[in-house]
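Reading the structure
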Amino acid sequence: MSGRTTPHADTRTVARGAVIALGMACRAAGWHTVGFAVLSVVAAAVPVTLAWLTKSALDQIAGADATVAALAGLGLAMAGCGVIVALVPQAIEYLKAETGRRVGLVAQDRLFRATERFVGLARFEDPPFLDRIRMAQQYGGATPGMVVSAVLGIMKAAVLGAGFLVSLLVSLLVTMPWMALAVIGSAVPSLMAELWLSRRRAAMLWRIGPVERREVFFADLLLNVRAAKELRLFGIASYLREIVNRQRRIANAERRRMDRRELWVQAGCGFVSAFSAGVGLVWVLISAVHGHLGVGDISLFVAAVAGVQSALGGLVAELAVAHRQLLLFDHYLAVLRAGPDLTVRTVPVDVKPLSGGIELRDVWFRYSPDHPWALRGVSLTIPHGTAIALVGKNGAGKSTLVKLLCRMYDPERGAVLWDGVDLRDMDPGQLRGRIGAVFQDYMEYDMTVAENIGLGDLTALDDRGRIEAAARRAGAHSLVAGLPRGYDTLLSRIFFTVGEGDQDGDSGMHLSGGQWQRLALARAYLRGERDLLILDEPSSGLDAEAEHEIHTGLREHRRGRTNVLISHRLGAVRDADHIVVLDEGRIVEEGTHATLMASQGLYARLFSMQAQGYHPERIPG
């Protein structure tokens with residue numbers, strides 16, 4: 001659904017979603033769904049059957065031809081109905097829950113498979129689409145099961161209502177046809193009113209969705225451990241709390257208006273239904289006094305009226321739930337329908353080991369037509385086996401250039417070539433299999449140390465030797481050796497309840513930023529034999545001694561390999577084979593450290609400013 005259309009205006013969305021949801025349920029839990037349907041029909045038929053058995057029993061008791069055998073048979077049949085009433089609901093609940101579990105697993109897997117088709121980063125850096133993914137995750141797994149339950153609930157209500165309506169027609173049509181039709185007719189306004197309310201409530205939920213999402217976001221922020229320090233230092237918790245309360249008040253006002261509308265409409269419908277039933281009951285009792293109806297007819301009338309009203313309420317409630325869920329389910333379907341964000345050739349070119357080099361040829365790129373150009377006509381050659389450093393101020397385009405090298409995006413103009421082959425002609429998975437990287441915003445996985453490193457190359461996940469070798473090269477082995485379980489230490493405390501794990505002396509660990517960065521570097525070293533190694537601020541969280549140690553190791557590792565290094569600490573890049581200076585998306589200088597310092601351009605000015613901070617006495621003032 002694009003835009004915020006009113007729900008009742010999009011009937012096709014609901015119909016399409018219903019078909020897909022039911023199809024998913026049948027494929028994921030076919031026999032459970034069939035059993036659910038059969039038992040739902042049985043549960044609906046039992047009250048009607050019980051009403052007729054009761055009528056027959058009362059008529060026999062009131063008559064003169066009653067026999068013990070006949071009454072016993074009716075009693076046993078009624079007892080059988082009681083057994084069904086006692087057992088069927090539990091069986092239905094089990095099948096309903098199991099159907100929901102099976103369908104939820106399938107829906108979740110489909111959602112994540114769909115996100116795997118997003119080759120690049122564009123979808124994940126698009127806030128509206130991220131919001132849609134969150135809603136898809138929230139409602140996609142639950143909706144198919146709820147729709148199955150709603151459809152079968154509607155079917156149950158229809159069977160129940162139809163059974164009692166037929167009972168009314170059979171029992172009253174001959175003696176009082178107008179009364180039977182009046183009882184049936186009194187249900188129509190109530191049904192129409194409830195459907196109108198259902199659409200209104202769905203529209204209201206659709207309308208307050210953004211308000212409730214803002215409330216959830218700020219509420220999570222108030223309880224977020226990463227935000228806790230700033231919230232307390234700056235004293236902004238009360239400010240954010242008022243934002244949360246404001247969103248809740250807005251949503252509550254909308255819900256209150258809807259509830260009041262429902263109160264008046266439903267009260268009116270209830271009065272009409274009760275009045276109709278009351279008039280009918282009085283007339284039936286008068287008819288019974290005059291001998292037109294028997295005692296059994298009275299009991300059947302009372303049961304039928306109650307059954308019709310109950311079936312109507314259940315029908316409308318299930319329709320409302322299904323309607324609302326299917327509107328939300330469309331977010332899930334929209335994610336499934338979304339194609340790849342980057343074009344992938346049907347028969348891509350094989351990615352061969354890098355031998356010549358990488359070339360950026362007149363590359364222009366922006367994140368959207370509304371954004372400024374992040375790269376403007378960049379042309380650059382990265383020869384095989386050399387170390388290239390990218391430097392420049394924040395926003396100069398360094399990280400964007402790295403994203404293009406990894407084909408997270410495609411240039412809007414120009415091309416990125418791997419040994420002369422356009423990256424757009426290659427399989428992205430094969431290309432990335434030849435690249436190792438430490439990103440500035442590296443991940444901290446709530447997993448063990450070994451897993452945090454091994455995720456860099458899944459083929460080494462169970463190879464403790466390779467993992468330890470990578471950790472040693474990153475200077476992380478001594479850190480790991482001091483942890484309670486070494487490489488098997490869980491680097492998180494979110495998976496434990498109070499006291500869990502304490503008996504083994506390990507309930508999870510927290511690491512400092514610098515320690516996490518060493519593990520990220522070890523993850524890159526695990527892919528160290530790749531053709532291209534990208535290091536984006538690989539030592540930003542380290543102290544001076546650790547930084548020196550890391551860069552010494554990196555210089556040794558880089559020798560003879562193709563490397564792209566990004567760092568704001570220019571002393572760390574001065575020994576690169578070639579330094580490229582970016583400013584506002586353009587290459588403004590390039591060369592070795594010595595030639596750039598001699599040219600007295602932007603690089604020399606930035607380097608001198610940093611040097612002054614370390615040796616102010618050497619800078620003439």
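Structure: see above.
Nothing here was measured: the structure is a model prediction, and the numbers come from that model. (Residues numbered from 1 in each chain as written. Predicted model: local features only at pLDDT ≥ 70, side-chain atom pairs only at ≥ 80, totals over all residues. Heavy atoms only, no water.)

Quick notes on the overall build of the protein chain
For clarity, the threshold we go by: A run of H or I in DSSP counts as a helix once it spans at least four residues, and a run of E counts as a strand once it spans at least two, with each numbered from the N terminus. Under the scheme applied here, a residue whose accessible area is under 20% of the maximum for its type counts as buried, over 50% as exposed, and between as partly exposed, the area being computed with a 1.4 Å probe on protein chains only. Note on contacts: a residue pair is in contact if any heavy atoms of the two residues lie within 4.5 Å.
Within the protein chain, the secondary structure is distributed over 18 helices and 10 strands. Across the 621 residues that make up the protein chain, the buried fraction comes to 43%. Here the contacts in the protein chain between residues at least 6 apart in sequence split such that 74% fall between residues at least 24 apart.

What to know about the environment of L458
Within the secondary structure, L458 is located in the loop between α12 (449-454) and α13 (464-473). We classify L458 as exposed; its relative accessible area is 61%. Sequence-wise, L458 and L526 are 68 residues apart; in three dimensions their C-alpha atoms are separated by 9.8 Å.

Details of the sheet that holds strand β7 (residues 532-536)
To keep things clear, this is the line we draw: In short, DSSP must find at least two bridges between two strands for them to pair. Only the stretch in contact is used when a helix axis is fitted, and all axes are lines through C-alpha atoms; the angle between N-to-C directions ranges over 0 to 180 degrees.
With mixed pairing, six strands are arranged side by side in an open sheet as β6-β7-β8-β3-β9-β10. Two strands close off the open sheet at either side, each with one partner strand: β6 (435-438) and β10 (586-591). With direction set aside, neighbouring strand axes in the sheet form an average angle of 15 degrees. Here four bridges tie strand β3 (residues 387-391) to strand β9 (residues 578-583), and the two strands are oriented parallel to one another. Its bridge partner lying in β9, I388 is registered against H578.

Observations regarding the side chain of T448
Within the secondary structure, T448 sits in the loop between β6 and α12. Judged by its relative accessible area of 16%, T448 falls in the buried class. When residues no more than four places from it in sequence are discounted, the contact partners of T448 are Y487, D488, T489, L490 and L491.

Concerning the nonpolar core
Quick note on the threshold: Put simply, a nonpolar core is a bunch of buried Ala, Val, Leu, Ile, Met, Phe, Trp, Tyr and Cys residues held in one set by side-chain atoms that sit within 4.5 Å of each other.
Counting residues in hydrophobic clusters, the biggest one holds 39 residues, and the most contacted among them are V449, I453, Y487, L519, I579 and Y603. At the level of elements, β3, α12, α13, α15 (513-526), β7, β9 and α18 (602-614) are the ones that each hand at least two residues to this core. The element best represented in this core is α15, accounting for eight residues. Once residues lying within four places of it in the same chain are set aside, the contact partners of Y487 are T448, V449, A450, I453, R464, I467, E468, A471, H477 and V480. Formed by 33 residues, the second largest nonpolar core is a distinct cluster that contains L354, L532, V564 and L582.

Keep in mind these values describe shape, not function.
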